[in-house]
Amino acid sequence: MAATASRRPNVRAVLTRIAAVQPRLHQAAVETNLALVEDLVRDAHRVHAPDLIVLPAEIGAARDSGAQARPVDGAPLALLRQLAAELQCVVAGGASAVRGRDAYATYFLVEPDGRIHLHDKNTASGREQFRLRSGSDDGLTAVVAWHRARVGLVSGLEWAQVRTAARLRAAAAGLVVGGQAGDTWPLADRADLTGRLPGLMARQVGAPVVMAAHSSVGGTQICDRDGTVLARLDRADGEGHVSATVRLGPSEPIDRPRGGTWTVDLGRATVSALRTLTAVGATTYRLRRTTRRFAWQDCPATDLPDELGPGGPRPHRGGSLPAREVVVTARRALADGVVGLTFSAADGGLLPVWAAGAHIDLLLPNDLIRQYSLCGEPTSGRFDIAVLDVPGGRGGSRWIHQNLMPGERLQVRGPRNHFALSAGSQPVFLAGGIGITPIRAMVHEARARGLDWRLIYGGRTHSAMAFVDELRALDPQRVRVVPLDVDGLLDLDGTVANLPGRAEVFACGPAGMLEVLEKLFAEDTTGRLHLERFEPRLSPVDRVDADFTITLASSGRQMVVPAHRRALDVLREAGVPVDSACRAGVCGSCAVRVLDGTPDHRDSIGESGRPENAMMVCVSRSLTPDLTLEV
Ligand code: FES
């Protein structure tokens, strides 16, 4: 069921259109349920044009399947990120997530620019007790898309807890958002109780409330701050979505939270059973974890901080993205000297959804790590890359051309993305040679979003230009192909001089081409030039290196980075686990967040691609005597 479509409000900072989605999920693979959720979200967006779409907790499973936990940076979060970026609205939903050495019921809120806010549910419910741990964060976050409005994230049994309402009320939350799962015992079969929870929460916090539930529980609601139900789906309504417009503003509590533990009367027998179940479940969980009986314990440990800036889910507190094993499932010639490779998950599952502009690290033999842009279909569950044979190169592409055949296995890390398509409505894509790989995915995304795009694609010869016929066939009016042997070099000066007023340029190609573009945009302060590099910038940095001191925020430890050494190496020597791949300021894998001091950025990623407040410790130094890093 879908409510009547409504126009997007003019004053986004005050009135916000919110859609809540109620899916019918199955006892099926997580990836199958995620595909169902994706369809519903797209439909909700088409019908309601909302600023926020709220999904239930546990979007990967109908109920406990015993195996649905995924790494916190895995498929569920990747889907939410993809939808937020593509639909340009905030998307919230929950999933069982492995963080560090434990699994939690985590609720995610993702902003269109890639900012991510995470909340681990503090009380597992029903069967969750046996497979999840309780979190301890407060679930309060500041959403930048709404001028840093304070939003409370709530999940499952937290909706019925007095302490949740009291906490959000004390923090003056301006909006409360969250979900129910399919097996939220003791609420799953108590429609009389779940139906009252959002209204009670709204009046006690004094803020609008959105609760999305699985169709097996029902009770999806959007309530105004006085508890008035603005939109609702019950269990009998089945799968669907509803929307309403609410006003974001200072909270105005009406009721006081009542005493005791629960905001509704669960009954003595239920409360007592819940207590017993909690104790037994926690013990069972510890035992299973100790004996390594959870399937997710076979994955490399991973985690994310509770708040991430734009630029994607990478751990800015140091640590590494997990490597995963893939197998080559297809290999084909794409152009002269260019081979296309398809990787599938070696365990037969699906690889994460990614967004156009993303790249992965290939961990090749002989300790070679090479980055390749993904150029296929972001939701296919596979990774597609195109590799140019560079006979005099650094060895990676040559090895791939000679050795990587169907059936071969290798390790990959990522995806990462510092070249995402922004909300600009007129992207101009400039591709030189093999630089077409990220651009190909971006062109398809721009078409899917209905953007007014153009592509100018240069290469040595027509036969050496991968994807050239396919791209030209998409829309010959929008694509200009410039083979060097026929038309000469790309006219970058003329292209930049004649850019439409709102154009944003996304360019990938040889270092010389990108340096010319940087010079042409040297006076432009709008940040509308976005570059993806395969190699470091050509121009040397004309600053003298000096010693500086690093302070580790986590421990207060200090260490000196001498003028002749990299911060990356000093950190590693001190036992701080920081990723690296290119060691040349190109790939973004060594990004670490700076909490204090001014970094001297020497990477080739640039302002628009670098995660907020991060520095690439493989090449960057400091403009101040001290830097405090979030590690
Ligand atoms: S290791 Fe690639 S940017 Fe630092």
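No experiment lies behind these values; they were computed from the predicted model shown.

Report on helix H8 (residues 436–449), specifying residues and quantitative values.
With 14 residues, H8 extends 19 Å from end C-alpha to end C-alpha; this agrees with the ideal 20 Å at 1.5 Å per step. Within H8, burial applies to Ile436, Thr437, Pro438, Ile439, Arg440, Ala441, Met442, Val443, Glu445, Ala446 and Arg449. Just beyond H8, the residue with positive phi is glycine 450, at close to 75°.

Account for the nonpolar core, with residues named and values stated.
Soluble globular proteins tend to bury their nonpolar side chains together. Membership of the largest hydrophobic core comes to 49 residues, with the highest contact counts inside it found for Phe343, Leu362, Ile385, Phe429, Ile436, Ile439 and Leu455. Tallying contributions element by element places H8 first for this core, with six residues. The contact partners of leucine 362, leaving out residues within four places of it in the chain, are Phe343, Leu368, Ile369, Arg370, Tyr372, Ile385, Ile400, Leu410, Gln411 and Val412. Counting 31 residues, the second largest nonpolar core, distinct from the first, contains Val21, Ile53, Ala75 and Ala95.

Residue-level account of helix H1 (residues 30–48), with values.
Between its terminal C-alpha atoms H1 stretches 26 Å, which fits the 27 Å expected from 19 residues at 1.5 Å a residue. Structurally, H1 contributes buried residues whose contacts are with strand E1 (15–22), strand E2 (52–54), strand E3 (70–71), helix H2 (75–87) and strand E13 (240–247).

Tell me about the packing of helix H3 (residues 162–170) against helix H5 (residues 197–205), residues and numbers included.
Contact pair H3 / H5: the axes reach a minimum separation of 9 Å and the direction vectors enclose 35°. Helix-helix and strand crossings are classified by hand; for H3 and H5 the assignment is right-handed. Only Met201, Gln204 and Val205 of H5 make contact with H3, whose side of the interface consists of Thr164, Ala165, Leu168 and Arg169. Residues of the contact of H3 with H5, tallied by class, amount to four nonpolar, two polar and one charged.

Quick one: what's the story with the sheet that holds strand E27 (residues 558–561), residue by residue and with numbers?
Backbone-to-backbone hydrogen bonds pair the strands of a sheet. The strands run either parallel or antiparallel. Sheet architecture is open: five strands sit in the order E27-E26-E32-E28-E30, paired in mixed fashion. Every other strand in the sheet has two partners, leaving E27 and strand E30 (614–616) as the edge strands with one partner each. Pairs of neighbouring strands in the sheet enclose a mean axial angle of 40°, with direction left out of account. Across three bridges, the pairing between strand E28 (residues 591–596) and E30 is antiparallel. Pairing of arginine 593 across the sheet is with alanine 614, part of E30.

Scoring rules and cut-offs
- Residues numbered from 1 in each chain as written.
- Predicted model: local features only at pLDDT ≥ 70, side-chain atom pairs only at ≥ 80, totals over all residues.
- Heavy atoms only, no water.
- Helix = DSSP H or I, 4+ residues; strand = E, 2+ residues; numbered from the N terminus.
- Expected span 1.5 Å × (residues − 1).
- Buried < 20%, exposed > 50% of the residue type's maximum accessible area, 1.4 Å probe, protein only.
- Core = buried A, V, L, I, M, F, W, Y, C linked by side-chain atoms within 4.5 Å.
- Contact = heavy atoms within 4.5 Å.
- Axes fitted to C-alpha atoms, helices over the stretch in contact; angles between N-to-C directions.
- Left-handed = near helix turned anticlockwise from the far one by under 90°.
- Nonpolar A, V, L, I, M, F, W, Y, C, P; charged D, E, K, R; others polar.
- Pairing = 2+ DSSP bridges.

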